[in-house]
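Coordinates in review
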Amino acid sequence: MPEVPFITGGESLDPSDWSQTRTLAHQMMDDMLDFLQSIRERPAWASIPDDVRESFSSPMPAQPEGAQQAYEDFKQTVLAYPLGDFHPRFFSWVNSPGSAAGMLAALLTNAMNTNSGGANHAANLVEQQVINWCKAFLDFPETASGVLTSGGSIANLMGLAAARHWAAKRAGVNVRKEGMQGFSQRLRLYSSSEAHSSVQRALEALGIGSDSLCAIPVNDNFELDLDALLAAIQADRDAGMLPFCVVGTSGTTNTGSIDPLDEIADICAREQLWFHVDGAVGAVGALSPEIKPLLKGIERADSIAFDMHKWLFMNYSIGCVLIRDPALHRETFSLTPAYLKHAPRGTASGDLWFSEISIELTREFRALKVWMLLKEFGSEKFGRLMLQTAGLARYFADQIDQTPELERLAPVPLQIVVFRYIDPSLSEDALNKVNSEIVMEIQERGIAVSGTTVIHGKTAIRTSINNYRTRREDLDVLLQAVVSIGKSLCE
Ligand SMILES: *Cc1c(COP(=O)(O)O)cnc(C)c1O
C-alpha cells in the first residue's frame, strides 16, 4: 500500500485576511437585502439564456478564482435566474416565499454549523422545543415524539415506516430483520385518489409496493369518500389481504381539500388501523383559530407529517413528523453501534438523539429558523398570514366566478384555486391545449407563475396563494393576463 505523504503545513479554509472577508460579507448582506426588498420589481420568472446555461459546463476549478470572483459568478449566473418562489406572483406548486428573517436565521445556523444528529448541546433543545410547540398547536399529546425532516416526503416515509412496524408487530413479524418477506399477506393502505405522490413513493421505498395502495374515490369537494373506504377495507379483508393504514390528507395538492379526519379516526379506531395524516400543506393552519376547526380529528392521528416550508413560509427546507407512541417511534428506527453509544457525562450524554428516531444520522440544525421567527413575530402572526392567503384565494375565486371567459373547477377550502379559460366554440381537447399554452405564455412573459393540473380530465390553471407578499392587485394581473392571452389564442 502506498502511504499518503506527510504534510503538516497549517493550510486552512479560514480567511487569510478577515477584514477583506468582513467587507465582502457586508456587501453580500446589503446586496441580498436589496434583492429581497426589490422583489416586486423583478419579472416573476425569466428563462436562462444559452450562454449562461453553457457556463455551467466549465470544469472544476483547480486553482482559486477568489471569493470576489465566485460571488460575481453567483450574481450573474445563479441569482439572476431563480425559480422565483419568493415573488408575489409565484403561484405554482405550494412553494415557500421564505423571508428576510429566515435568511438571517440561516446565517446564524450556518455560522454555528452544528450537527443535530444527537449529543449534548443546545441546538437539540431548540429542536425539541420547536417540536413541542408543534404538538401543542396541533393538540397532539405532550408525550408524543417527533423529529424535523427535510420535508413532507421524508416525513410521510417515516410516519409510514412506523405504521409498517406497528402492523408487523401485530402480525408477529420482525420487519426490521425479515423485511416484507416476513408477511404472509399483502398489506393495504388507503388514501384518497387526491393524495400526494409521496405516499406511493414511501410505500415503494419501504418495500410494501404500490400494489398495496388503494386509492379511494373522492366526493364533489375532493374529500375522501367514507363509504367507499369502508367498502374497500371489507373487500380487501374478504380477499385475504391485510389492511393496516389509512392516510388522510389535510390540504390536497390539487385543490386544498381536507379529508374528513375525525370520521377517518373513528374508522381507524373501529377497524384497528394506523391513522396517518399527510398535513404537508394544511396542518400548520392550526395556528389560525379560524382555520383550525377545518382540521378537526388531526389530533387523533397515530402519525402526522407536515411541512413548514410551504404554508408556514419558512426558508427551505423543513418538515416534521410526529408519532403518538414514542416507544414505537424509537423501535422503528433506533440503531446504536459502539461509535454512537451514549456516555453518562460529556458531549455524548443526554437523551436527545434525533438520529435514533430518524433515518438520518448527520442532520442540519433546521429548528433555529422556526424558533427565531416564532420569537420575532409570535405564532399569531403566522395564523393571520395564512388566513390572509386563504382570504385572497376567496377573492380570486369570486373574480373568476364573475368572469364569463373563466370557469372555476373546484371549491376553495384553503389557499388553492383551480380554474380554466373557456370558449364555447372549442372542444375539450382544444381547451386543454389552450390552457396549457396560457400558463406557459404567462410564465415566459414574466407576468406570473401558475402551474397546471388535471381536474375531472380538464387541464386546469392551478394557483396556490402561498405568499404573504401577494396582494389583490397581483391576482388581478394574473386574471387579466389569462383572459387576454386566452382570447388571443382563440382568435
Ligand atoms: C408537498 C407535499 C408533500 C411532499 O412534501 P415535500 O416537502 O415536497 O417533500 C406531501 N404531501 C402533500 C399533500 C404535499 O403538498
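Residues numbered from 1 in each chain as written. Predicted model: local features only at pLDDT ≥ 70, side-chain atom pairs only at ≥ 80, totals over all residues. Heavy atoms only, no water.

Let's shift gears to the overall build of the protein. Scanning the protein from terminus to terminus reveals 15 helices and eleven strands. Its C-alpha radius of gyration of 25 Å places the protein within 12% of the 23 Å reference for a compact globule of 491 residues. Counting only C-alpha atoms, the protein reaches 80 × 60 × 50 Å along its principal axes. Across the 491 residues of the protein, 49% fall into the buried class. For the protein, the proportion of contacts with a sequence separation of at least 24, taken over those separated by at least 6, is 74%. Looking at the protein as shown, the accessible area adds up to about 23800 Å², and 53% of this sits on carbon and sulfur atoms. (Helix = DSSP H or I, 4+ residues; strand = E, 2+ residues; numbered from the N terminus. Rg over C-alpha atoms; globule rule 2.2 N^0.38 Å. Buried < 20%, exposed > 50% of the residue type's maximum accessible area, 1.4 Å probe, protein only. Contact = heavy atoms within 4.5 Å. Areas by Shrake-Rupley, 256 points an atom, 1.4 Å probe, with all protein chains shown as cover.)

Next up on the list: the site of the ligand. In the neighbourhood of the ligand, 14 residues make up the surrounding shell, with Gly 152, Ser 153, Asp 278, Asp 307 and Lys 310 lying closest. Side-chain polar atom of Asp 307 to an oxygen atom of the ligand: 2.7 Å apart, as the coordinates give it. Within the complex, the protein chains bury 85% of what would otherwise be the 380 Å² of accessible surface of the ligand. When atoms are counted within 2 Å of each cavity's grid points, the one that captures over half of the ligand is the second largest pocket. When residues of the shell around the ligand are assigned to their parent elements, the largest contribution, three residues, is made by helix 6 (residues 152-170). Class assignment for the residues of the shell around the ligand results in two nonpolar, nine polar and three charged. (Near = heavy atom within 4 Å. Polar contact = N/O pair within 3.5 Å; in protein donor to acceptor, adjacent residues only side chain to side chain. 1 Å grid on protein atoms, 1.4 Å probe; cavity = no way out; pocket = protein on both sides within 12 Å on 5 of 7 lines; lining within 4 Å. Sits in = over half its atoms within 2 Å of the grid points. Nonpolar A, V, L, I, M, F, W, Y, C, P; charged D, E, K, R; others polar.)

Our focus in this paragraph is the pairing of strand 11 (residues 458-464). Burial analysis of strand 11 places six of its seven residues in the buried class, the great majority of the element. As paired elements, strand 9 (residues 416-421) and strand 11 share four bridges and run antiparallel to each other. Bridging from a neighbouring strand, Val 417 pairs with Thr 463 of strand 11. In this structure, strand 10 (residues 451-455) lies alongside strand 11, joined through five bridges in antiparallel fashion. Note on strand 11: the bridge partner recorded for Gly 451 is Arg 462. The hairpin formed by strand 10 and strand 11 contains two residues between the paired strands, and His 456 there has a positive phi angle of roughly 50 degrees. (Pairing = 2+ DSSP bridges.)

Here we have four strands laid out as an open sheet, ordered 8-9-11-10, and antiparallel in their pairing. In the strand order of this sheet, the two ends are held by strand 8 (406-408) and strand 10, each with one partner. Each strand of the sheet is rotated relative to its neighbour by a mean of 45 degrees, with strand direction disregarded. Helix 13 (residues 379-401) rests against strand 8, strand 9 and strand 11 of the sheet, and its axis sits at about 20 degrees to strand 9. (Axes fitted to C-alpha atoms, helices over the stretch in contact; angles between N-to-C directions.)

Another point: the state of the cysteines. In this structure the tally under the stated criterion is zero disulfides. With no disulfide of its own, Cys 214 lies closest to Cys 245 among cysteine sulfurs, the gap being 12 Å. A disulfide-free cysteine, Cys 268 has its sulfur positioned 7.1 Å from the sulfur of Cys 245, the nearest such atom. (Disulfide = S-S within 2.5 Å.)

A few words on the nonpolar core. Membership of the largest hydrophobic core comes to 90 residues, with the highest contact counts inside it found for Leu 138, Phe 244, Phe 306, Met 308, Phe 382 and Met 386. Among the elements that line this core, the one with the most residues is helix 6, at nine residues. Setting aside anything within four residues of it in sequence, one finds Leu 138 in contact with Ala 283, Ala 286, Ile 298, Glu 299, Ile 304, Phe 306 and Leu 322. Residues Leu 406, Val 412, Ile 465 and Val 483 belong to the second largest nonpolar core, which totals 26 residues. (Core = buried A, V, L, I, M, F, W, Y, C linked by side-chain atoms within 4.5 Å.)

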